Amino acid sequence: MNKLITECIGTFFLVLTIGCTVIGTAGSGVIPPLAIGAALMVLVYAGGHVSGAHYNPAVTLGVLVRGRCSVNDAVGYMIAQCAGAIAAAVVVGYFKAGIPVSPGQIDTTKALVAEFLFTFALVYVVLNVATAKGTANNSFYGLAIGSTVMAGAFAVGGISGGAFNPAVALGVTVMGLSSLTNIWVFLIANFGAGLAAGVVFKKLNPQDA
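Within each chain, residue numbers correspond to sequence positions counted from 1 in written order. Reporting of local features is limited, given that this is a predicted model, to residues whose pLDDT is at least 70; pairs of side-chain atoms are given and counted only at 80 or more, and all residues count toward the totals for whole chains, interfaces and linings. Hydrogens and waters are ignored; side-chain quantities use all the structure's heavy atoms.

(A) Fine view of the packing of aromatic side chains. Aromatic rings from Phe, Tyr and Trp, with only the six-membered ring used for Trp, were paired whenever their centres fell within 6.5 Å, and each pair was classed as stacked if the ring planes differed by under 30 degrees, edge-to-face if by over 60, and tilted otherwise. One pass over the structure, following the stated rule, counts six aromatic pairs. Ring geometry for Phe116 versus Phe120: centroids 6.5 Å apart, planes at 25°, classification stacked. Taken together, the residues span about one helical turn, with Phe116 and Phe120 both in helix H5 (residues 108-130) at a distance of four residues. Residue exposure (1.4 Å probe, protein chains only): buried if accessible area is under 20% of the type maximum, exposed if over 50%, otherwise partly exposed. Exposure remark for Phe116: the relative accessible area of 32% places this residue in the partly exposed category. Using a relative accessible area of 23% as the deciding quantity, one classes Phe120 as partly exposed. Labels follow the DSSP assignment, with helices taken as runs of H or I lasting at least four residues and strands as runs of E lasting at least two, numbered in each case from the N terminus.

(B) Local environment of unusual backbone geometry. Positioned with a positive phi, Tyr55 is a non-glycine residue whose angle comes to about 55°. Phi angles above zero are rare outside glycine, and Phe164 is one such case at about 55°. According to the relative accessible area criterion, Phe164 is buried, its value standing at 1%.

Dropping the structure here:
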């Protein structure tokens, strides 16, 4: 239960940070990527020793494929992550009441590719800095993970919205920042990338099985 609560809390604050920095006047310039990357970094450090600090169903899938998570835990994690995202979206709606919100427009093909590539990068980094024997007990894992999301948000945020996370996609959809008709793009790209990253990690690190 502690693991599930940790995953819910971490995802809640990640999605809360996204909503609060994107909606309204604070959502311009470099602020959102910096704030989101920093929030993820500190939340990873805060919860890593309890749950592994996934805060992302795609990461959980990658860890499952990699062999460091049971199916039961993975399902519980994903439910907790989505619950945290929805709760955060509700709080953002309260904080930002009265501010107009319209769904972003995306090119489906470009968004699919962008989300796949940077979700792959994120899950690949997580597996290598937080689960590999060669990097065990390092002090940089949170910084590496947060920085990957920040880099992805800067690089392709204007193309796909920069979710890299099915729970985030759910949260921003509830907020109205993304259209419900586009959520399949994120689900396919994010989960596909998580699966691919897990497989690639196992191929490149057979000694970590």
